[in-house]
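Coordinate analysis (summary)
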Amino acid sequence: MTFSELKLTRQFLNAIEDAGYSVPSPIQIKAIPPLRSGQDVIGIAQTGTGKTAAFLLPMLQTLKYAQHHEPRALVLAPTKELAIQIHNEAIKFASYTDLRILALYGGIGPKTQIEQLNQGCDLIICTPGRFIELYSHGHISTKRIKHLVLDEADRMMDMGFMPQLRQVQEIIPNKRQNMLFSATFPPRVERLADEFLLWPTRIEVTPQSTPVATVRQMKLELPNQRTKIAFIEWWIEHHLQDKRLLIFARKKEEAENLARYLQRSFDFEIRTIHSNKAQNSRINAMEDFRSGLVQVLVSTDVASRGIDVPETEMVINASVPRDPHEYVHRIGRTGRAFRNGTALTLNDPAERYALERIESLVGEPLEEITAPESLEDFETPRHERQIQAREIDRELRKRDPNYKGAFHEKKKKKSSKGKSVRSTGKTRK
Ligand code: AMP
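Within each chain, residue numbers correspond to sequence positions counted from 1 in written order. The predicted nature of this model means local features are confined to residues of pLDDT at least 70 and side-chain atom pairs, given and counted, to a pLDDT of 80 or more, with totals for whole chains, interfaces and linings taken over all residues. The side-chain values count all of the structure's non-hydrogen atoms but skip hydrogen atoms and water molecules.

**What about the packing of helix α10 (residues 225-239) against helix α11 (residues 252-265)?**
Applicable threshold: Orientation is described by lines fitted to C-alpha atoms, with helices fitted over the stretch in contact, and by angles between N-to-C directions that extend from 0 to 180 degrees. Numbering of helices and strands runs from the N terminus, with a helix taken as a DSSP run of H or I at least four residues long and a strand as a DSSP run of E at least two residues long. Roughly parallel here means an angle under 35 degrees, roughly antiparallel means over 145, roughly perpendicular means 65 to 115, and every remaining angle is called oblique. Crossings are assigned a handedness: left-handed for a near helix turned anticlockwise from the far helix by less than a right angle, right-handed for a clockwise turn. Whether two residues are in contact is decided by their heavy atoms, any of which lying within 4.5 Å being enough. Under the scheme applied here, ten amino acids are nonpolar (Ala, Val, Leu, Ile, Met, Phe, Trp, Tyr, Cys and Pro), four are charged (Asp, Glu, Lys and Arg), and all others, including Gly, are polar.
Closest axis-to-axis distance for the α10/α11 pair is 10 Å, and the angle between their directions is 50 degrees. For the element pair α10 / α11, the angle class is oblique. Relative to α11, the crossing made by α10 is right-handed. For the pair α10 and α11, the contacting residues are Gln 225, Arg 226, Ile 229, Ile 232, Glu 233 and Ile 236 in the first and Glu 254, Leu 258, Tyr 261, Leu 262 and Ser 265 in the second. Here the contact of α10 with α11 is composed, by residue class, of six nonpolar, two polar and three charged.

Here's what the structure looks like:
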């Protein structure tokens, strides 16, 4: 199958050629024909499958050329980073047209965005909050909107955007084409689809929540945070070379600490990206990671959605995400664009349970690796031991409501787990 068989016009075929795409991806093959014929479509696809081009190409082809002052199509995305990424793709595909495409998002003052809107546009790519804000101040007219895309719908629901999405539904014309893309399809996304779409064609490119097949997934159990950092240092020293490494932490503080520790050992810059960072610094970090100026980026889940750097060869999870779907999103940052990637998850004894949930979602155990001989085993500090014990306790109580979690029991469990960590974690004589 070729792009021209998908009945895309010359302008877009040229842009696709410039982008270096040789053949359409499965989601593009399945989604472009129904979208071109004006149908509503639900696409269950992770990032990395080519879903952005799947919805942008037929939409841009329908919009054709600059017309009217008001936007005719709206793409809603959960984060600024994703909005920017979709905007970049749209600009790329529309380069042989005069279509006017805007990205609108929060975190910066609306002045420039209002000025851009005043000059007229055909497509806007927007975060839900900023869209409602600009609309309610009279800066966006919705009367000509004929195409609506909800991208990463599961993430929008996770981030609590339902009220804004309902508002959008109320203010845009009823007669329109709808597209919903989501990596996962839990019941609340299904309800959202019911509210927004009419007789949609459902397209699924991978079984629900199955990570991209091109990612090698590994795990390594280490006793504590300090040892995890030592391992990451070792990995960077021995394996980074010219690769790009994306490290995930669960919380902002953890991301900052990790970056600070690592920075002490290396003379190249290690950048962090999380929700406390100013908009500009997040965008710069991403751009520099993309260009290769920054090779190691530490991110939290919130910031992870918009990271689109197909050259990311390695993802290290410095801690295990508690929501297994988040794992799928995280590792979707590597192995993108039909390249091979590696994802390594570092877990402490308390994170075993969360890891088990991930393995059952993914459908198979992650490949277990051993730590290098030279890795120093740091003592688990008392405070961290307590946090781990509490989490183990919580997990055991979840499994067995009668479990009392008596202190001596906890202690026994902890020390036995500690031992098994060392024996599975390393191959020492
Ligand atoms: P997405 O799933 O939309 O986030 O796309 C992931 C990456 O794949 C992006 O960097 C796209 O530019 C790239 N991509 C999309 N479609 C193709 C294709 N047909 N051939 C090669 N790369 C593609």
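**Observations concerning the nonpolar core**
Put simply, the rule reads: What is meant by a nonpolar core is a set of buried Ala, Val, Leu, Ile, Met, Phe, Trp, Tyr and Cys residues, joined one to another through side-chain atoms within 4.5 Å. The classification of residues rests on relative accessible area computed with a 1.4 Å probe and restricted to protein chains. Under 20% of the type maximum is buried, over 50% is exposed, and intermediate values are partly exposed.
Within the largest apolar cluster, 41 residues are counted, with the highest numbers of intra-cluster contacts made by Leu 8, Phe 55, Leu 56, Leu 57, Leu 60 and Leu 123. When contributions to this core are tallied by element, the ones reaching two or more residues are α1 (10-19), α2 (26-36), α3 (51-63), β2 (73-76), α4 (80-93), β3 (101-104), β4 (123-126) and β6 (177-182). Broken down by element, the residue count for this core peaks at eight residues, all from α3. Residues within four places of Leu 8 in sequence aside, it is in contact with Phe 3, Leu 13, Ile 16, Ile 32, Leu 57 and Gln 61. Counting 33 residues, the second-largest nonpolar core is a separate cluster that includes Leu 76, Ile 124, Met 162 and Val 168.

**Thoughts on the packing of aromatic side chains**
Any aromatic ring pair is given by two values, namely how distant the centres are and how the planes are angled relative to each other. Rules: When two rings of Phe, Tyr or Trp (its six-membered ring) have centres within 6.5 Å they constitute a pair, described as stacked for plane angles under 30 degrees, edge-to-face for angles over 60, and tilted for the intermediate range. Charge over a ring is defined by NZ of Lys or CZ of Arg lying within 6 Å of the ring centre and within 35 degrees of the ring normal.
This structure, assessed with the given rule, holds four aromatic pairs. Aromatic pair Tyr 21 and Phe 93: ring centres 6.1 Å apart, planes at 70 degrees, arrangement edge-to-face. With Tyr 21 in the loop between α1 and α2 and Phe 93 in helix α4, this residue pair connects regions lying 72 residues apart in the sequence. For the ring pair Phe 55 and Phe 181, a centre distance of 5.3 Å and an interplane angle of 45 degrees mean the geometry is tilted. With Phe 55 in helix α3 and Phe 181 in strand β6, this residue pair connects regions lying 126 residues apart in the sequence. Neither Phe 55 nor Phe 181 differs from the other in exposure class; each is buried. The ring of Phe 378 carries Arg 226 above its face, with NZ or CZ at 4.4 Å from the centroid. Across from the ring centre of Tyr 261, 4.8 Å away, lies the NZ or CZ of Arg 264, which sits over that ring.

**Points about the pairing of strand β5 (residues 147-150)**
Inclusion rule: Strands qualify as paired when DSSP identifies two bridges or more between them.
Residues of β5 alternate between two faces, with His 147 and Val 149 on one and Leu 148 and Leu 150 on the opposite face, all of them buried. Across four bridges, the pairing between β2 and β5 is parallel. What sits directly across from Val 75, in β5, is Val 149. Sheet topology note: the β5/β6 ladder contains four bridges and is parallel. Across the sheet, residue His 147 finds its bridge partner in β6, namely Gln 177.

**Structural notes on the sheet that holds strand β10 (residues 270-273)**
The parallel open sheet is built from seven strands, whose spatial order is β10-β11-β9-β12-β13-β8-β14. Because the sheet does not close on itself, it has two edges, and the strands there are β10 and β14 (367-368). Here four bridges tie strand β9 (residues 244-248) to strand β11 (residues 296-299), and the two strands are oriented parallel to one another. Counted as the bridge partner of Phe 248 is Ser 299 from β11. Along the sheet, helix α12 (residues 279-291) makes contact with β9, β10, β11 and β12 (312-317), crossing β10 at roughly 135 degrees. In this fold helix α15 (residues 352-362) packs onto β8 (215-221) and β13 (341-347), with an angle of close to 160 degrees to the strand it touches most, β8.

**Notes on the sheet that holds β2**
The strand order β3-β4-β2-β5-β6-β1-β7 describes an open sheet built from seven strands, whose pairing is parallel. Whereas interior strands pair on both sides, the edge strands pair on one side only; in this sheet they are β3 and β7 (201-204). Taking the axes of each pair of neighbouring strands and ignoring which way they run, one obtains an average angle of 15 degrees across the sheet. Together, β2, β3 and β4 form the strand contacts of α4, whose direction differs from that of β3 by roughly 170 degrees.

**Here we look at a positive patch on the surface**
Put simply, the test is: What goes into a patch is any residue over 30% in relative accessible area without a salt bridge, connected to like charges within 9 Å or, for nonpolar side chains (Val, Leu, Ile, Met, Phe, Trp, Tyr), within 5 Å. To be clear on the numbers: accessible area is Shrake-Rupley with a 1.4 Å probe, and residue cover counts the displayed protein chains and nothing else. Salt bridges are counted wherever a side-chain nitrogen of Lys or Arg sits within 4 Å of a carboxyl oxygen of Asp or Glu. Only four residue types enter the tally: Lys and Arg on the positive side, Asp and Glu on the negative side, with His and both chain ends excluded. All charge positions are set by atom: Lys at NZ, Arg at CZ, Asp at CG, Glu at CD.
A surface patch of like charges, here positive, comprises Arg 250, Lys 251, Arg 390 and Arg 394. Here Arg 250 shows up in the loop between β9 and α11.

**What to know about the environment of Val 75**
By secondary structure assignment, the location of Val 75 is in strand β2. Given the relative accessible area of 0%, Val 75 is considered buried. The residues touching Val 75, leaving out its near neighbours within four places in the chain, are Phe 55, Met 59, Ile 86, Leu 123, Ile 124, Ile 125, Cys 126 and Val 149.

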